[in-house]
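Analysis of the macromolecular model
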Amino acid sequence: MNTAGVARPTKAWAHAVNLRRTFEVNVVGVLNGAQNFLPRMIEADRPAVVINTLSKQGITAPPVYPASGF
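This report concerns the structure included in the present document.

Conventions and cut-offs
- Residues numbered from 1 in each chain as written.
- Predicted model: local features only at pLDDT ≥ 70, side-chain atom pairs only at ≥ 80, totals over all residues.
- Heavy atoms only, no water.
- Patch = residues over 30% accessible without salt bridge, like charges linked within 9 Å, V, L, I, M, F, W, Y side chains within 5 Å.
- Areas by Shrake-Rupley, 256 points an atom, 1.4 Å probe, with all protein chains shown as cover.
- Salt bridge = Lys/Arg side-chain N within 4 Å of Asp/Glu carboxyl O.
- Helix = DSSP H or I, 4+ residues; strand = E, 2+ residues; numbered from the N terminus.
- Buried < 20%, exposed > 50% of the residue type's maximum accessible area, 1.4 Å probe, protein only.
- Expected span 1.5 Å × (residues − 1).
- Bend = angle between axes of the 7 residues up to and from the residue.

1. Some details on a nonpolar patch on the surface
Taken together, Met1, Val49 and Ile51 make up a surface patch of nonpolar side chains, about 350 Å² in accessible area. Mapped onto the secondary structure, Ile51 falls in the loop between α1 (16–44) and α2 (57–60). The exposure class of Ile51 is partly exposed, given its relative accessible area of 40%.

2. Observations concerning α1
The α-helix winds at 3.6 residues per turn, so residues separated by three or four positions along the chain end up facing the same way. Its 29 residues give α1 an end-to-end C-alpha distance of 41 Å, which sits within 8% of 42 Å, the value for a rise of 1.5 Å per residue. At Val28, α1 shows its largest kink, close to 40 degrees. Where α1 ends, the next residue or the one after it, Asp45, has phi of about 50 degrees, a positive value.

Below, the structure written as structure tokens:
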């Protein structure tokens, strides 16, 4: 199960460091989780699933957190 997320105030697009960090955790983190576990799951040759969860913050993020919807 992959679950990770951060939300940092970014004041629209003014703070590129916060945007990048948010994207790296919220998107790249999920990809890293899948890349690390899928090969072994496939190799095991038995039924398995990867579950990615997220919070509602991506849908209802306040205006000062524009990167949360990534």
